[in-house]
Amino acid sequence: QVQLVESGGGLVQAGGSLRLSCAASGGTFSRYGMGWFRQAPGKEREFVAAISWSGGLTYYAGSVKGRFTISRDNAKKTVLLQMNSLKPEDTAVYFCAAETSGRLIVVLRDYAYWGQGTQVTVAS
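Can you explain the nonpolar core? Please cite residues and give values.
Judged by nonpolar contacts, the single largest core of 36 residues is most densely connected at Met34, Trp36, Val79, Leu81, Met83 and Tyr94. Mapped onto this core, the elements with two or more residues apiece are β3 (18-25), β4 (33-39), β5 (46-51), β7 (68-73), β8 (78-83), β9 (92-99) and β11 (118-123).

In structure tokens, the structure reads:
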């Protein structure tokens, strides 16, 4: 069983930055593809970014490309999401997720494990 715990959320002004962290325990982290998703009030959960097991491949939603960066440290069993130039529309609960094939996955239903989420609020 894999447990994922997100941290680093908070309140930030538009144009500011935050770095989210996801700590994993259990399972074999270095074999998993990892992703970040977000869910705004009244909206469906949506894909933000994904990274392959080695960190060699990354993929971003169009709305965050060029502003967000996903990375991972397999030795520390963590995945990070650096968020720059934040906008009010980035306000959401951000979730870390793990999938067991190690691939770059953007489809929500293909992720087997989820964290509880961390709130990000961007004030205008």
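Any chance you could break down the pattern of salt bridges for me, citing the residues and the numbers?
A complete count under the given rule lists 3 salt bridges for this structure. Of the charged contacts, one joins Asp90 and Arg38 as a salt bridge, the two residues approaching to 2.9 Å between their closest N and O atoms. Placement of Asp90 in the loop between β8 and β9 and of Arg38 in strand β4 is noted, with a sequence separation of 52 residues between them. Classification of Asp90 as buried rests on a relative accessible area of 1%.

Describe the sheet that holds strand β1 (residues 3-7), listing the residues and the values that go with them.
Pairing is antiparallel in the open sheet, where 4 strands are placed in the order β1-β3-β8-β7. The two strands at the open ends of the sheet, each matched to only one other strand, are β1 and β7. With direction set aside, neighbouring strand axes in the sheet form an average angle of 15°. Relative to β8, β3 runs antiparallel, the two being bridged by 6 bridges. Bridge pairing in β8 links Leu18 to Met83.

Residues and numbers for the pairing of β11, please.
Residues Thr118, Val120 and Val122 of β11 are buried on one face, while the alternating residues Gln119, Thr121 and Ala123, pointing to the opposite face, are not. Two elements, strand β2 (residues 10-13) and β11, share 4 bridges in a ladder whose sense is parallel. Looking at the pairing, Leu11 lines up with Thr121 of β11. The pairing of β9 with β11 spans 3 bridges and is classified as antiparallel. Across the sheet, residue Val93 finds its bridge partner in β11, namely Gln119.

Procedures and definitions
Residues numbered from 1 in each chain as written. Predicted model: local features only at pLDDT ≥ 70, side-chain atom pairs only at ≥ 80, totals over all residues. Heavy atoms only, no water. Core = buried A, V, L, I, M, F, W, Y, C linked by side-chain atoms within 4.5 Å. Buried < 20%, exposed > 50% of the residue type's maximum accessible area, 1.4 Å probe, protein only. Helix = DSSP H or I, 4+ residues; strand = E, 2+ residues; numbered from the N terminus. Salt bridge = Lys/Arg side-chain N within 4 Å of Asp/Glu carboxyl O. Pairing = 2+ DSSP bridges. Axes fitted to C-alpha atoms, helices over the stretch in contact; angles between N-to-C directions.

Coordinates in, geometry out; function isn't part of it.
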